[in-house]
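Chain by chain, the residues:
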Amino acid sequence: MADSTVESVTENLEGLTFNPNIEFNPESQIEILPIDGKENILVTSALPYVNNVPHLGNIIGSVLSADVFARYQKARGRNTLFICGTDEYGTATETRALEEGVSPKELCDKYHTIHKEVYDWFNIKFDKFGRTTTPLQTEIAQEIFMDLNRNGFLEEQSMVQLYCEKHKGFLADRFVEGTCPRCGYEDARGDQCDACGNLLNPFELLNPRCKIDGASPVPRDSKHIFLSLNKLQPELESWIKDSYGKGSWSRNAKMITDAWLKEGLHPRCITRDLKWGTPVPLESYKDKVLYVWFDACIGYISITANYTHEWRQWWNQPEKVKLYQFMGKDNVPFHTVVFPSSELGTKKKWTMLHHISTTEYLQYEGGKFSKSRNIGVFGNNAKETGVPADVWRYYLLMARPETADTVFSWRDFIFRNNNELLANLGNFVNRIVKFVNAKYDSTIPIYNPNAIDYASFKSDVDNILKQYCTALDEVRLRSGLEFVLQLSGRGNLFLQENKMNNTLLVEDPEKAAAVVGVGLNLVYLVSAVCYPYLPETSKSIAEQLNAPMRCIPDSFSLELKSGHVIGKAKYLFSRIDEKKEEVWRAQFGGTSPKDEAAEKKKEEKKRKKEEKKKKRAAESASAEVSTSVGATDVISEPAAPTEAT
């Protein structure tokens, strides 16, 4: 566009300022505390267990989902605190430390750092990422334990456990190995057989041996403390009914919780014969520790306490705070039954669960993630691909297993980048910013929105924006992301309908100016709704507009005024070559689509053969197992919960 034309459409401009009410500073370092008369949102992500590197299923199942929700709440102007950290105590830590030849503390230090580096790369913006191995964790967990004891909700029971006479210690289930009675695998653990997948208790193993020194353990009685969930069930059920109604729990969380209640709650052991854990605050139990899944959920409280000395404002004022918790479905009972029962049993005021958002499982190319077999993408691998974190965030959130298991596939990953991020969102932003750079010398011209059908356009945008906000308020994260694409798609349609090009600029400069002015404001809105999902993309768009980050509004408005000088266009996304599919599949494991049918047929044949083998093994072992221990005499250690996959 000629300089004279630029001057004609930008002359007589008023002073240029931004509405301070729309600005949003995501980097604020002010300590976050509940505010009277405001919505106070406390967001927690399931504490990832510290003995491994998180894979993509772990990331989408808890921390990434919670991050999106916390970012959204903050961008809506709501007072929000996002808490997470590593879960570090328990049998699994002791076992892994033994395998790696280090102390539990050294192991936790190593993997806490790895987790933090992975989440930093994925741009997970915690307000506090802590850990459960702190003095405040001990103090708060012991306080809750003693309150339960004083109120009569703890009881002592005797358990039969395997004892190693060589190193003189009781063995947790994972410290016992032996032959599986179901399939004959010789290295089955005392909680599960990795060969056939059956859950076990250590007394079922044939020829059991101590994992530490190989000695043959013997059964002995050991006294433990149990949480009397049966006594707490009536009050718990009343609370669940109220919380589920007000907080609209996810469907799978309600189903899992109802199944526990229907069966009837029983006293649950909350102590262990370990050294690595929170000490039991009773003299007669000084050599035992609290069970990790009684202790771990209290970590949310202690991590908050390590964030602020005023932590009780978040956790002891339930009338002021709404608690949203994110996790995989295998962690549900500990958050809807065990932890709430512990809070209720103290007879004190605690902030309790308002909404629980749970996921099913994310599978890798039709199978399971496996670090030992080098199958699947783990947190530290994603960076190695050279694909930006925002693209990974986008794909994982689009594949979020909200109601059923979903599958990560490299073909779909590449398709979504090229055909959704690049062709839709990236195209819309780049097309109009480049046009203004080239034709208006990067300056928004004087524009009258009524030179186009603005009322109809605004109505369309407001409708999509309303649906977006409703989806995120209801924690339907995948749906919310789909509405982001609808907004950018509406922007592409807007440019096509109004034929933004050189011809329009010459033949109808007033309409061209309106298209540019209104279109750039839609880009600004898109930058805001992108922020929870694609924070770096949101930041890049704001920089290209030379505008501050903005809050997510209730309705569309024209905040970028005539005369504002925007920045230079930059590509938001890059095309991924389809050939990378086979490269990455070979690098990270996975099945080629053409091999899937043959593989499924092979697996089905193998499954039927294994079922016959297990049936024969079970029949031959049943008599031997039944004489080794009476079922009523044994309370086996539950399998340690795993982080969501």
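The structure presented is a predicted model; accordingly, all values stated were derived computationally and were not measured. (Residues numbered from 1 in each chain as written. Predicted model: local features only at pLDDT ≥ 70, side-chain atom pairs only at ≥ 80, totals over all residues. Heavy atoms only, no water.)

Chemist: I'd like a description of the overall build of the protein chain, backed by residues and values.
Modeler: Check the secondary structure of the protein chain and you find 21 helices and 16 strands. Classification of the 645 residues of the protein chain by burial places 56% in the buried group. Summarising the internal contacts of the protein chain: among those between residues at least 6 apart in sequence, 80% fall at separations of at least 24. Surface accessibility of the protein chain: about 28100 Å² in total, with carbon and sulfur atoms responsible for 48%. (Helix = DSSP H or I, 4+ residues; strand = E, 2+ residues; numbered from the N terminus. Buried < 20%, exposed > 50% of the residue type's maximum accessible area, 1.4 Å probe, protein only. Contact = heavy atoms within 4.5 Å. Areas by Shrake-Rupley, 256 points an atom, 1.4 Å probe, with all protein chains shown as cover.)

Chemist: Before we move on, can you summarise helix α14 (residues 410-439) with the specific residues and values?
Modeler: Taken as a whole, α14 carries its principal kink of about 45° at Asn427. Count one or two residues on from α14 and you reach Asp441, which has phi positive near 55°. (Bend = angle between axes of the 7 residues up to and from the residue.)

Chemist: Outline the packing of aromatic side chains, supporting the account with residue identities and numerical values.
Modeler: Remark: the centre distance and the inter-plane angle together describe each pair of aromatic rings, the angle taken between the planes. Going through the model one piece at a time under the given rule, you end up with 32 aromatic pairs. Seen in terms of ring centroids, Phe69 and Tyr324 are 4.6 Å apart; in terms of plane orientation they differ by 40°. Their pairing is tilted. A residue pair is termed long-range when its members are at least 10 positions apart, and Phe69 in helix α2 (residues 56-75) and Tyr324 in strand β13 (residues 321-328) qualify at 255 residues. In this structure, Phe69 and Tyr324 share a single accessibility class: buried. Judged by centre distance (6.0 Å) and plane angle (85°), the ring pair of Phe457 and Phe556 falls under edge-to-face. One end of the pair, Phe457, is in helix α15 (residues 454-473); the other, Phe556, is in the loop between α19 (535-544) and α20 (580-588), and 99 residues separate them in sequence. Each member of the pair, Phe457 as well as Phe556, is classed as buried. (Phe/Tyr/Trp six-rings, centres within 6.5 Å; stacked < 30°, edge-to-face > 60°.)

Chemist: Can you tell me about the side chain of Thr351, naming the residues and giving the values?
Modeler: When you line up the elements, Thr351 lands in the loop between α11 (332-345) and β14 (353-359). Not counting chain neighbours up to four residues away, the residues in contact with Thr351 comprise Trp314, Trp315, Asn316, Gln317, Pro318, Val321, Leu323 and Glu343.

Chemist: I'd love a proper account of the side chain of Asn498, names of residues and values included.
Modeler: Along the polypeptide, Asn498 turns up in the loop between α16 (477-497) and α17 (502-507). Sequence-distant contacts of Asn498, that is, excluding residues within four places in its chain, are made with Ile452, Leu504, Lys511 and Val515.

Chemist: Could you give an account of the packing of helix α6 (residues 229-247) against helix α7 (residues 251-263), naming the residues involved and the relevant values?
Modeler: Axis separation between α6 and α7 bottoms out at 12 Å; the angle between their running directions is 160°. With respect to their mutual orientation, α6 and α7 come out roughly antiparallel. The handedness of the crossing between α6 and α7 comes out as left-handed. Contact residues: α6 offers Gln233, Leu236, Glu237, Ile240 and Tyr244, while α7 offers Lys254, Thr257 and Leu261. Across the contact of α6 with α7, the residue classes tally to 4 nonpolar, 2 polar and 2 charged. (Axes fitted to C-alpha atoms, helices over the stretch in contact; angles between N-to-C directions. Parallel < 35°, antiparallel > 145°, perpendicular 65-115°, else oblique. Left-handed = near helix turned anticlockwise from the far one by under 90°. Nonpolar A, V, L, I, M, F, W, Y, C, P; charged D, E, K, R; others polar.)

Chemist: Please provide a residue-by-residue account of the sheet that holds strand β10 (residues 268-269), values included.
Modeler: If you trace the 4 strands from one edge of the open sheet to the other, you get β5-β4-β9-β10, paired in antiparallel fashion. Two strands in the sheet have a free side with no partner beyond their single neighbour: β5 (169-170) and β10. Summarising the sheet, strand β9 (residues 218-227) and β10 pair through 2 bridges and their orientation is antiparallel. Note on β10: the bridge partner recorded for Phe226 is Cys269. (Pairing = 2+ DSSP bridges.)

Chemist: So, the sheet that holds β13: which residues are in play, and what are the values?
Modeler: Within the open sheet, the 5 strands sit side by side as β3-β2-β1-β13-β14. Their pairing is parallel. Two strands bound the open sheet, and with one partner strand each, they are β3 (128-131) and β14. Taken pair by pair, the neighbouring strands of this sheet meet at an average axis angle of 20°, ignoring direction. As defined by bridge partners, strand β1 (residues 40-45) adjoins β13 across 6 bridges and the pair is classed as parallel. Bridge pairing in β13 links Thr44 to Gln325.

Chemist: Describe in detail unusual backbone geometry, supporting the description with residues and values.
Modeler: Phi is mostly negative for residues that are not glycine, and the peptide bonds are mostly trans. The phi dihedral of Lys168 is positive, around 55°, even though this residue is not glycine. Along the chain, Lys168 turns up in the loop between β4 (154-164) and β5. A positive phi angle is found at Lys347, which is not glycine, with a value near 60°. As for its placement among the helices and strands, Lys347 is situated in the loop between α11 and β14.

Chemist: Mind laying out the layout of surface pockets, listing which residues take part and the relevant values?
Modeler: Estimated volume of the second largest pocket: approximately 660 Å³. Elements with a minimum of two residues in the lining of the second largest pocket: α2 and β2 (79-86). (1 Å grid on protein atoms, 1.4 Å probe; cavity = no way out; pocket = protein on both sides within 12 Å on 5 of 7 lines; lining within 4 Å. Points joined across faces, edges and corners; volume = space filled by probe spheres on them.)

Chemist: A description of the environment of Tyr72 should follow, citing residues and the corresponding values.
Modeler: Within the secondary structure layout, Tyr72 lies in helix α2. Judged by its relative accessible area of 0%, Tyr72 is buried. For the pair Tyr72 and Cys551, spaced 479 residues apart in sequence, the C-alpha to C-alpha distance is 9.2 Å. Sequence-distant contacts of Tyr72, defined by excluding residues within four places in its chain, comprise Arg78, Tyr468, Cys469, Leu472, Asp473, Pro532 and Ile552.

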